[in-house]
Amino acid sequence: MLGEILAQTLVGAGRPALHKPGLGNTGILEQALASGAVDLYPEYTGTIVRELLKREGNPSLDELNRWLAPRQLKAAVPFGFNNTYALAMTAAKAQALGIRRISDLFKPAAAGLTLGLSHEFLQRADGWPALSKAYGERAAAPIGLDHGLAYDAVAAGRVDVIDVYSTDAKLGRLGLTVLDDDLGFFPKYDAVVLMRAGVDAAPLAKLAGSIDAATMIAMNGEVELDGRSFAETAKKFLAGGFAATSPRAPASGAASAPQRPQATLLERVFAPDFARLAGQHLLLVFVSLALALAVGVPLGVAAWRWPRSEPILLGAVALLQTIPSLALLAFLIALVGTIGVVPAVLALFLYALLPIVRNTHAGLQSVSGGMAQAALSLGMTARQALRHVQLPLAAPTLLAGVKTAAVINVGTATMAAFIGAGGFGERIVAGLAVNDSSVMLAGALPAAALALIVQGAFDLAERWSRHGRPR
């Protein structure tokens, strides 16, 4: 929401701006900012202090900028609200168990409660690791849960406690009780704009102090609960449409924004952006697959040709599969100095290597040594025998590996949306942001259909290679 407001404000001031929504966690954004792939983004002071600077306390904006100066960064345009972390549970359960404070969760009576915490909160320096150290260990470890799904999970009783933001639209709508941070663990999370030091903040100056907590809750409610788009809600805010918002106004903003009819799932799937997203998805899959073929087949041949290298080569490509996708994307952003298509293609290329390398090696091993000897007896060189005899005989197994890599890449390519590379993952990320299952399905269903189409195309190619062109 804040990103859309920033983009529209810059465009209105005559400054070209490209908004890349749905980028991944703080680590990815930090790398993108440091590399110059993005120039600015909305951030919270508590996150800057603890996650980026690895410090403590609640510094003033001037002091924060002194800390940021060595990184060639600065913070500006304090929006006017504090979006702090909190822990919440249903009012009924909190009352039944007598839980009012975070410290109550660490008492023996609360040991049976299930905590469903966002994956980022579980890893952040200002999240669960430090909070559990401050309040004490619990017998049961929390489970990881996407923030967009957490409210439905706690309302349905699948988890008992979730982490929330103080400006979340659903807090009041679902009647949740926010537990008192009785040790004062959570720092202030004042919303600001974090930017590269050379960026001119003047066109954004009018946004300083323009959004209080009630206004932020109302805007979140219009998008998440009333079905309006981020762009529409940002335009309404900049036109003064939320000027009358007060702490007593409905959190959903429904008093000023009537709900609009929801699009059907079919309409969402074939929305105007379908062709663009499909093209981006196919580009990511087949460029990365071509690179994996160009590298993976020679590596498979090398592992077969020189048996001593087999455990090293196969082990190395297998190890790549164990690297979490977001961690790999963050590393590649730092390596190539940009976000978007390039690091996404490189990550998919690395994930596609294992089935291609392994199946090339296995296919060549399945070719009898007598065939190679016959080729050499006919005067072929070892290279000619490999090219004209052994690789063609190994082709069905090799092609099965390529098919596996392609199908896997269709699914994995949805992660590329977290670094601005597009594809159907954009819809999944957008759906998670507003907890809208139909938006998520509008991205997941085309991706699944594309995987089936790709698999069918390779199945046809396999039959073609074995029996000749079908009539």
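No experiment lies behind these values; they were computed from the predicted model shown.

Caption draft 1: Looking closely at the overall build of the protein chain. Assigned secondary structure in the protein chain consists of 20 helices and eight strands. Reported as C-alpha extents along the three principal axes, the dimensions of the protein chain are approximately 90 × 55 × 50 Å. Burial statistics for the protein chain: of 471 residues in total, 46% are counted as buried. Partitioning the intrachain contacts of the protein chain with sequence separation of at least 6 by distance along the chain shows that 77% fall at a separation of at least 24. Carbon and sulfur atoms form 60% of the exposed surface of the protein chain, whose accessible area is close to 22200 Å². Across the protein chain, the centroid of the 39 positively charged side chains sits 8 Å from that of the 34 negatively charged ones.

Caption draft 2: Focus on the pairing of strand S8 (residues 191–196). With five of six residues buried, S8 is to be regarded as a mostly interior element. When strand S1 (residues 40–44) meets S8, the two strands line up antiparallel, connected through five bridges. For Tyr-41, the partnering residue across the bridge sits in S8 and is Leu-194. Here strand S2 (residues 73–76) pairs with S8 via four bridges, running antiparallel. If you follow Ala-75 over to S8, its bridge partner there is Leu-194.

Caption draft 3: Quick peek at the packing of helix H10 (residues 213–224) against helix H11 (residues 230–238). The interhelical angle for the contact between H10 and H11, taken along N-to-C directions, is 145°, at an axis separation of 9 Å. Crossing of H10 against H11: the hand is right-handed. Contacts from Thr-215, Met-219, Glu-222 and Val-223 of H10 reach H11 at Phe-230, Thr-233, Lys-236 and Phe-237. Across the contact of H10 with H11, the residue classes break down as four nonpolar, two polar and two charged.

Caption draft 4: Seen up close, the packing of aromatic side chains. Per the stated rule, a full pass over the model turns up ten aromatic pairs. Seen in terms of ring centroids, Phe-106 and Tyr-135 are 5.7 Å apart; in terms of plane orientation they differ by 15°. Their pairing is stacked. Taken together, the residues Phe-106 in the loop between helix H5 (91–97) and strand S4 (115–117) and Tyr-135 in helix H7 (residues 128–135) connect sequence positions 29 residues apart. Like Phe-106, the residue Tyr-135 is buried in the burial classification. With centroids separated by 5.1 Å and ring planes inclined at 70°, the aromatic side chains of Phe-185 and Phe-186 adopt a geometry described as edge-to-face. The class of Phe-185 is buried, set by a relative accessible area of 10%. Residue Phe-186 is classed as buried on the basis of its relative accessible area, which comes to 11%. One aromatic cluster is present, formed by Tyr-85, Phe-121, Tyr-165, Phe-185, Phe-186 and Tyr-189 through successive ring pairs. Just above the ring of Phe-185 sits the side chain of Arg-50; from NZ or CZ to the centre is 5.0 Å. Above the plane of the ring of Phe-242 lies Lys-236, whose end atom (NZ or CZ) is 4.6 Å from the centre.

Caption draft 5: Up close: empty space enclosed by the protein. Evaluated as defined, the whole model comprises one cavity of 30 Å³ or more. As a volume, the largest cavity reaches approximately 50 Å³. In this structure, the largest cavity is lined by Ser-325, Leu-329, Ala-344, Ala-347, Leu-348, Tyr-351, Thr-412, Met-415 and Ala-416. At the level of secondary structure, the elements contributing two or more residues to the lining of the largest cavity comprise helix H15 (325–336) and helix H16 (341–366).

So, how was this worked out
- Counting restarts for each chain, with residues numbered from 1 along the sequence as it is written.
- In keeping with the predicted nature of the model, local features appear solely for residues at pLDDT of at least 70, side-chain atom pairs appear and are counted solely at 80 or more, and the whole-chain, interface and lining totals rest on all residues.
- Excluded from the side-chain calculation are hydrogens and water; included are all heavy atoms of the structure.
- Here a helix means four or more residues in a row that DSSP labels H or I, a strand means two or more in a row labelled E, and each is numbered from the N terminus.
- Think of it in three bands: residues with accessible area under 20% of the maximum for their type are buried, residues over 50% are exposed, and the middle band is partly exposed, with areas taken using a 1.4 Å probe on protein chains only.
- Residues count as neighbours in contact if any of their non-hydrogen atoms are within 4.5 Å of one another.
- For accessible areas, the Shrake-Rupley method is used with a probe of radius 1.4 Å. Any residue's cover is judged against the shown protein chains and nothing else.
- In this tally Asp and Glu are treated as negative and Lys and Arg as positive; neither His nor the chain ends contributes.
- Every charge is mapped onto a representative atom, which is NZ of Lys, CZ of Arg, CG of Asp or CD of Glu.
- Here a strand pair is declared whenever DSSP counts at least two bridges between the two strands.
- Lines fitted to the C-alpha atoms define the axes, with helices restricted to the stretch that makes contact. Angles between their N-to-C directions range from 0 to 180 degrees.
- Two helices that cross are described as forming a left-handed crossing if the nearer one is turned anticlockwise from the farther one by less than a right angle, and a right-handed crossing if clockwise.
- Three residue categories are used. Nonpolar comprises Ala, Val, Leu, Ile, Met, Phe, Trp, Tyr, Cys and Pro, charged comprises Asp, Glu, Lys and Arg, and polar comprises the others, including Gly.
- Centre distance within 6.5 Å is the pairing criterion for rings of Phe, Tyr and Trp, where only the six-membered ring of Trp is used; planes under 30 degrees apart are then read as stacked, over 60 as edge-to-face, and the remainder as tilted.
- Each ring is checked for a lysine NZ or an arginine CZ that lies within 6 Å of its centre and within 35 degrees of its normal; such an atom marks a charge sitting over the ring.
- Using a 1 Å grid laid over the protein atoms alone, points where a 1.4 Å probe fits but cannot get out form a cavity; open sets with protein on both sides within 12 Å along at least 5 of 7 lines form a pocket; any residue with an atom within 4 Å of a point counts as lining.
- Grid points are joined across faces, edges and corners, and a volume is the space filled by probe spheres set on the points.

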